[in-house]
Amino acid sequence: MVRLPLTPAEVERGKRLGALLRRARGERSILDTALDAGVSPETLRKIESGRVATPAFPTIAAIADVLELSLDDVWAEIKQPGSEAEPADAGHGTRERLAS
């Protein structure tokens, strides 16, 4: 499978996601947060830095749970400012994403 390049909007959304997770993590270590979420510290580091702009949903759900963030709040924070965009609709017309 060939992975299509990310759009500029996806890259920006990934940066906003990373910034949100860094703020929510606060003084808590990447290691503790990642282990509590069941992901590798390197995965969390890549998401926070924006290097993984489209992480898998279960990964974000687990991290959000550990950081006590609701998924609604995460989506509201990262969606394109001023847009009424909704999450992808059951895979119709969306690209496949590689899991983190």
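Note that the structure is predicted; figures quoted are calculated from it, not measured. (Residues numbered from 1 in each chain as written. Predicted model: local features only at pLDDT ≥ 70, side-chain atom pairs only at ≥ 80, totals over all residues. Heavy atoms only, no water.)

Let's talk about the nonpolar core
No. 1: Judged by nonpolar contacts, the single largest core of 16 residues is most densely connected at L17, L21, I47, I60, I63 and V74.
No. 2: Broken down by secondary-structure element, the contributors of at least two residues to this core are α1 (8–25), α2 (30–37), α3 (41–49), α4 (57–66) and α5 (71–78).
No. 3: Among the elements that make up this core, the one with the highest residue count is α4 (four residues). (Core = buried A, V, L, I, M, F, W, Y, C linked by side-chain atoms within 4.5 Å. Buried < 20%, exposed > 50% of the residue type's maximum accessible area, 1.4 Å probe, protein only. Helix = DSSP H or I, 4+ residues; strand = E, 2+ residues; numbered from the N terminus.)

Regarding the packing of α1 against α5
No. 1: Following both chains from N to C, one finds α1 and α5 inclined at 130 degrees, their axes separated by 9 Å at the closest point. With respect to each other, α1 and α5 are oriented oblique. Judged by the twist between their axes, the crossing of α1 over α5 is right-handed. The segment α1 lies against α5, with R13, R16, L17, L20 and R23 engaging V74, W75, E77 and I78.
No. 2: A breakdown of the residues in the contact of α1 with α5 according to their chemical character gives five nonpolar, no polar and four charged. (Axes fitted to C-alpha atoms, helices over the stretch in contact; angles between N-to-C directions. Parallel < 35°, antiparallel > 145°, perpendicular 65-115°, else oblique. Left-handed = near helix turned anticlockwise from the far one by under 90°. Contact = heavy atoms within 4.5 Å. Nonpolar A, V, L, I, M, F, W, Y, C, P; charged D, E, K, R; others polar.)

Considerations on α3
No. 1: Listing the buried residues of α3 in full gives T43, L44, I47 and E48. Angularly, the buried residues of α3 cover 130 degrees about the axis, an arc narrow enough to put them on a single face.
No. 2: Among the residues trailing α3, G50 stands out with phi positive, at a value near 85 degrees. (Arc of directions from axis to C-beta.)

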